[in-house]
Every structure is written in C-alpha cells, then in structure tokens.
Amino acid sequence: MIPELGLFSLILALSVALVQATLPLIGAARNNPAWIALARPAAFAQALFLFFSFGCLTWSFLHSDFSVLYVASNSNTLMPTIYKVSAVWGAHEGSLLLWVCILGAWGLAVAIFSRDLPDAFVARVLAVLAMIAIGFLLFMLFTSNPFDRLPNPPPEGRTLNPLLQDPGLAIHPPMLYFGYVGFAVAFAFAIAALIGGQMDTTWARWARPWTNIAWAFLTLGIALGSWWAYYELGWGGWWFWDPVENASFMPWLIGTALIHSLAATEKRDTLKAWTVLLAIFAFSLSLLGTFLVRSGVLTSVHAFASDPSRGVFILIFLLVVIGGSLTLYAVRAPEIRSNARFDLVSREVGILINNVLLLVATLTVLLGTLFPLITDALGIGKYSVGPPYFNAVFLPVTAPLAALVGVGALARWKSDRFGRIFKPLLVPLVICIALGFAFPAVVMGHFTIAAAIGMTLALWVAWTTLYGIWARIGAKTNRWQALWQLPRGFWGMTLAHFGIALFITGITLTSIYSHEKDVGIKAGESYVLGDYEFVFDGIKSTRGPNYSAMTGTVRVLENGRLITTLHPEKRDYGPGAMPMTEAAIDPGLFRDLYVAIGEPIGENAWALRIYNKVYIRWIWLAAIFMALGGVIAATDRRYRLVKVRDLQSDRRTVTA
Amino acid sequence: MTPRRKRMLTVAVLLIGMSITAILLVSAFKQNLLYFYTPTQIANGEASIDKGIRVGGLVKEGSLKRTEGTLDIRFLVTDEVNDIPVKYSGILPDLFREGQGIVARGKMDADGVFIADEILAKHDENYMPPEAQDALDAAKTLK
C-alpha cells in the first residue's frame, strides 16, 4: 500500500511539474498574471508530492518491507536503523529519488524566498526547474522505479553494500546533491534571464546567494567523499582522480568560476556572456556527472547501475538540455552586451583570468575522464588515464591561479595600477619565499624543492588574503569600527581564500612527507616508521551488530611511550556482501597514524599497512573554511534588502 | 597603446597561452596513457616489454602462491584461453580471490612475467570489471 502511494505521489509530482513547466512560461510571455501566479503553488505542490514519495520509500526501509525490490536489494533486518535510512539513497533508484527531491526542495526555496523578485521572472525560473524535474521523473518512472514490487518477497533482504554502512558516506550524497542540483537554480536563473531578455545586473544579484550556497554544499560534499575514501577504502589516499570524483569536481571548478563571474556581472555589468555560459556549463557538468555515474560506463569505485538503456536516456536528456540552452544563448547573444570598459590592470581582468584558468583546468579533467570512454566506445582501444596525467596538467594550471587569488582581490574595479597593488607586497613576497623555503628544512626536517614552492605559495595566498583586510581598514580613522562594518561578502571571500592557503599546505606536505609501508608481520613483532614504533599484538575474532570480524591490536609508541592503541578490523557482513577493511586511525591536526589489516600471510603472520600521514586533515579543514565562506557571503545584507522599488528603477536603466 | 593594439596583444597572449597549455596537455597525456591488454594479446606478443600497461582477466583457480611469511605472491591471470604469470608484492584488495576478475597495472618483464604495481578488484562480488569481461568475451569468440 505505502509503496503504491509513493509511486502515485511521484506520478502526481510529474503532472504538477508538467503544468509548472508550461503555463507559467506562457503566462510570463503573454503577461497573464493568473498563469504566472501558478508557478509558486505548483512548486509547493511538487515539493510536497516528492517529499511524500521519499517518505514512503523511507517507511518501506524502516519497516523492512522486502516486497519492494529496492528494499530487498539494499537492506536487511539486522542493519542498524541509521543505515536503513541511508540505504534509501544507497543505490541507483533511491539515489535518483533523492536527486529529484532535492530539486523539489530547491524549487520550494526559490518559491518561498523570492518575494522581492518580479513574478514573471520567478515564473520562468520555476518553469525551467520543473522541466528538469520532468526529465528526471520520466527517467525514474520508465527505467528506475524504486517502488517496483517483488511477486515473492524474500524473508530477508540482501543488505546495504557494507562500504556504504558508514556515517561519512551516509551524508555524502545528500550534501553533494544539494550542491550539484543547486547549480540547477543558477542555470534556471540564467535561462530565465535569457528568455525574458533581461540581461541587466539584477538577475546576477538574485542568482548570487543561491549559487554561493550550492557551491558551499558541493565543496562539503566533495570533501566528505575524500575524507570517506581516506578512512574507509583502506588505501590512505584522499583523491584518486577517479571518474566519479572528477564528475563532482568539474562542476565545482566551473561553479567556482561562476561565483566569481557573477560578482563581476553584478557589480560592473561585465563578463555577462561568461556568466551565462558558465551557469549553463556548470549545470551541464552536473548532468554529465549524473550520466557518468548512473550509466555504468565507468570502471571505478562506485559502479551502481549497469543497464545501458538508462545511459541512453540520460545522454539524450543531457543533449536536450545543453543543446537547448546553447541555442537560446545563441539567439539572445546580441542582447548580451555590456558597455562597461575596464583596463588591463583591474579586478575584472583578475576575474577573467580566474575564469579562463578554471575553464582550462576543467577541460583537462574532462579530457582525462572522457577519453577512455570515447576510445572504448569507438573501439579504438581500452585506455586508462591515471593520476600522473591529471597531476601533471592540473597543478601547473591552478598554481598561477592560487598565486593571483589574493592579488586579484586587492585590485580595484575598472582601473588600477600594477605598482599600486604590488608596492606593499614586495617585502612580504620576499618573506614568503624565505619562510617557504625554510619550512621544509626546519620544520619537516627534509628539504625538497616541491615542498618549498608549495609552502611559499600557501604563505603567499595567506598573506595577500589577510592583507586584504588591512587594505580595507588601514586608512580609516576608527579601525575597529571599520572592521566591524566590513560586509559579509568580504568576510566570506577572505575565509574561503584563506581556506585555499590551508589546502595548498595540506596537499603539499601530505604528498611529500607522508610515510607508508606494507609489512608482513608476526604477532609480537613491531615495525618502526619514522619516530613511531608500531607493535603488533595479534588478531582475534569479534562480532558486530550485523557482521563478524577479525580485529587486530596495534600499540603505537613514540620515543618508547605508548600514545595510542589501534584496532583495525576486517569485517564479514555475511553472504552476499564483500569483506570490508576498517582502518584504525589516530587522528591529529598535524599527523594521522593509520593501520589497516591485509590478509594472513602464513603462520600467525599478517600483512599490515602502516601510514604516517602528515597534515592531511588540513585538506578537509580547508574545505570547511571555503564552504563557511560561501555561506557567509550568501547572507550579505544587500541580498536581503532588495526592494521592489529598486528593481523597477533598475529595469528602467536596462542597457541594450 | 591604442585599443586595437591592446586587443591584438590580448589575442596574441591568449593564443600563446593556449598553445603552451595544449602542448603540456598532449605530452602529459601521451606519457600517461595506459593501454589495456588481454592475456591472449600478451601471449601473442602484442604488448611491449617494460612499458606501463594494464592486464585483466580471472585469477586462475589453484594458481595463487605466496612466499610464506612475506607479502610476495604469484598467480596466473587468464581469459580461459591464455594464462599470464603475475608477480606482486603488497597487500591484496579485499575482493581478490581465485576465480574472480581483476585488473592489474604494471609491466611485462623480459621473461614473460607481468610485474604488477597495483591490483584492482571491484567492490561487489558479482561485478566484473568491464575490461576483464571483454577480455573473456573476446577470448571466447576465438575458441
């Protein structure tokens, strides 16, 4: 009964979406207030039906209703309740339901928080969001129905893939989807602006807070995925340039360019074409990412779906969305012209360079991700592109970007002089180089040129970002008051840019100075890695709620003193599931000690992987800074005080 | 500088920048492309020696041998037509089992043994890496 209600609710959501995608759009074109007014209630109704449907699926999981195929494939009665809930989005069909639910939630948010925007514009935005929802709902109803019933329900379900029975991974898809799908809002704003011919600065101002929040969620989602891969996959790596990782990283890169381009468009009415195209590209990459993950074409850590018909559907949807939006852009291109000019040395140029570099970086990742698929599809051969390629190309493109981060923020809009910006930075530059080159030798104990360059860059980013605060308040008479009055947009930017400095520090130091060793070791023996001695006390059998395990005990000594006892495990979740390696980690701000069990290699001897990962937590700390920065910037007062009166006067000054 | 000159300069800088990036890209790409071979292809001598490649197939039943007390192992990777010996030293992935599909990355040495740097097995015991499956299918059509 409940699953059928869930399915029916999805169909109702589809019907509402069909109305929402058409009538308000026509209404906006014909200036029909009644039809325009349909948009908001439709968004409410659609969200309601989607949430209800999601609730039905969750109910089925919580009550272990194994007559539903999806529940039987991904859950069983022994699973802890929290994982029964996260199993709802743990595999293909449920993951899609989550996607479309979050789309509904974003639509609802736009409907509620857009009272200050012109109704016709909101109607167009909601219509575009509804069109996307239609695509996904059709996909679900025709190829990926989570509510399919089993004629003979089994007494016990399979279980959720043990890899996913983990708190980090439980929250990772919702976070990621809030980001990915949130770019649909920026996309909808851009399309609505193109349709309405409204290419002045107001749409950029409206789009900014939404895009910043979506970007912040995506940042957190990616960081969660990286953190999870680190502690769960047992390999100690934090980024593998895996196609599925790249699928989420590419929208993030373009999203970053987008949030900066929106700033230029809002403040100076420039880079409009860039902003619109970046909005289209960001969402297209989100859809491409969905295609890559959901069509099973990839050999990677997460291959869920393996049905080719699904791939074709998504591919067609992708082509329709990208083709349609680019066609619309081409038609409206003549109207997207700005009269504002800027000099060679200006913040606009800084943002332009930012856009170009991020675009190039994205294209290199796209090439490396798609090339194997294309050559395989064309029968040319089975190639794989590994991390060395990505690192070799990505780092040289993003390093100059990092160097310019703080400097760009210091440049004035429209016209500035190189000398004015750099004069106060010359001495700090020398200091950064000196400290950067000293750090590897003095603090880490071993000099490498790569570490020196990395640390110099990180210090430079930190300095130029913090100097930005001084630049704003230094000349004021009451500096504390000036500090207090700095807008949130500025604080958001400063936090996020500072996060970049943390990130560069983390990746430089962890990749150069971490130690890793795979050892064959007998109970009672120990292994010395750097300053630490790992004493292996042996393995014994244990039990968990829905698994049995071999648990090891490893005592870690530093200079002879016991600092922690680690218990790595190898878990068996029963028939139908693969064994899971649970690494044991002693976390720290400056180093992680990490032990994972391999396989038995002989008489009382086991293979053990031992790591000393230095500064690795700085990477995820950086992501938190960035995400926080994005959210704080989105709550800037000027987004909340947009009055209808101002909008009307804006519309009167529309540039051709 | 006249606006026209400025524009020409911008275009020139962009073109140079793009060319450098393109050259960087292509060379990094070519150096890091890994080609995948089936055991049959390797047996036929199609793979070059001492060059980074990938090979995939099933771990032949009964072929797994470990040097007692160490991390060194040997096994045969097969597409049911040809077998290739593989040497590896390190921790095996959880799903590694005789009769399971794997993909290994490494080099062929002069003695016809594949020295593996990395072994990949997939995270679902029913899942076979597409390349390994293709290797098996390709071999079946040969039989």
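Each remark here, short or long, concerns the structure printed above.
Report on the accompanying structure. Being a predicted model, the structure only gives us computed values, none of them experimental.

Once that is clear, we can look at the overall build of chain A. A count of helical and extended segments in chain A gives 22 helices and 11 strands. Taken over C-alpha atoms, the radius of gyration comes to 27 Å for chain A, in line with the 26 Å a tight globule of 656 residues would show. By principal-axis analysis of the C-alpha atoms, chain A measures approximately 85 × 75 × 55 Å. Expressed as a percentage of contacts within chain A between residues at least 6 apart in sequence, the contacts between residues at least 24 apart total 75%.

This brings us to the overall build of chain B. When helices and strands are counted, chain B shows 3 helices and 7 strands. Starting at the N terminus and walking to the C terminus, you meet the elements of chain B as α-β-α-β-β-β-β-β-β-α. By sequence separation, contacts in chain B at least 24 residues apart represent 57% of the contacts at least 6 residues apart.

Take the environment of A:Ala471 next. Here A:Ala471 is to be found in helix H17 (residues 449-473). Through-space distance from the C-alpha of A:Ala471 to that of A:Trp460 is 16 Å; in sequence the pair is 11 residues apart.

A common measure of how large an interface is: the accessible area buried when the components associate. On the chain B side, the residues contacting the 30 residues of chain A number 28 residues. When residues of the side of chain A that touches chain B are assigned to their parent elements, the largest contribution, 5 residues, is made by helix H14 (residues 387-410) of chain A. Class assignment of the residues belonging to the side of chain A that touches chain B gives a composition of 17 nonpolar, 9 polar and 4 charged. Examined bridge by bridge, strand E1 (residues 383-385) of chain A and strand E1 (residues 33-37) of chain B share 3 bridges and lie antiparallel to one another. Residue pairing in the sheet places A:Tyr383 in a bridge with B:Tyr35 of E1(B).

Turning to the sheet that holds strand E10 (residues 591-602) of chain A, a few remarks are in order. Residue and element names in this part refer to chain A. Spatial strand order, E2-E11-E10-E9: 4 strands in an open sheet with antiparallel pairing. Among the strands making up the open sheet, the edge pair consists of strand E2 (515-522) and strand E9 (584-586). Taken pair by pair, the neighbouring strands of this sheet meet at an average axis angle of 20 degrees, ignoring direction. Of the pairings in the sheet, the one linking E10 to strand E11 (residues 605-614) comprises 9 bridges and is antiparallel in character. From the neighbouring strand, Asp592 faces E11, where its bridge partner is Lys613.

A few words on the nonpolar core. Counting 196 residues, the largest nonpolar core has A:Val100, A:Leu126, A:Ala184, A:Ala186 and A:Phe189 as the members making the most contacts within it. Looking at this core element by element, the count peaks at 20 residues for helix H8 (residues 167-196) of chain A. Setting aside residues up to four positions removed in sequence, A:Leu126 forms contacts with A:Gln20, A:Pro24, A:Ala39, A:Ala43, A:Gly107, A:Val110 and A:Ala111. By size, the runner-up hydrophobic cluster in this structure holds 48 residues, among which are A:Ile539, B:Ile73, B:Leu76 and B:Val103.

So, on to unusual backbone geometry. The phi angle at A:Asp269 is positive, at roughly 60 degrees, despite the residue not being glycine. Assignment of secondary structure puts A:Asp269 in the loop between helix H10 (243-268) and helix H11 (272-294). Despite not being glycine, B:Asp50 shows a phi value in the positive range, around 65 degrees. Within the secondary structure layout, B:Asp50 lies in the loop between helix H2 (39-43) and strand E2 (53-59). Note on B:Asp50: 10 C-beta atoms within 10 Å, which makes it exposed.

Now for the environment of A:Ile36. Residue and element names in this part refer to chain A. Relative to the assigned elements, Ile36 resides in helix H2 (residues 33-36). In this structure, the C-alpha to C-alpha distance between Ile36 and Phe121, residues 85 residues apart in sequence, is 9.2 Å. Leaving out residues up to four positions away in the same chain, Ile36 has contacts with Pro24, Gly27, Ala28, Asp119, Ala120 and Ala123.

Definitions and cut-offs
- Residues numbered from 1 in each chain as written.
- Chains lettered and ligands numbered in written order.
- Predicted model: local features only at pLDDT ≥ 70, side-chain atom pairs only at ≥ 80, totals over all residues.
- Helix = DSSP H or I, 4+ residues; strand = E, 2+ residues; numbered from the N terminus.
- Rg over C-alpha atoms; globule rule 2.2 N^0.38 Å.
- Contact = placed C-beta atoms within 7 Å.
- Nonpolar A, V, L, I, M, F, W, Y, C, P; charged D, E, K, R; others polar.
- Pairing = 2+ DSSP bridges.
- Axes fitted to C-alpha atoms, helices over the stretch in contact; angles between N-to-C directions.
- Core = buried A, V, L, I, M, F, W, Y, C linked by C-beta atoms within 7 Å.
- Buried ≥ 20, exposed ≤ 12 C-beta atoms within 10 Å, placed from the backbone.

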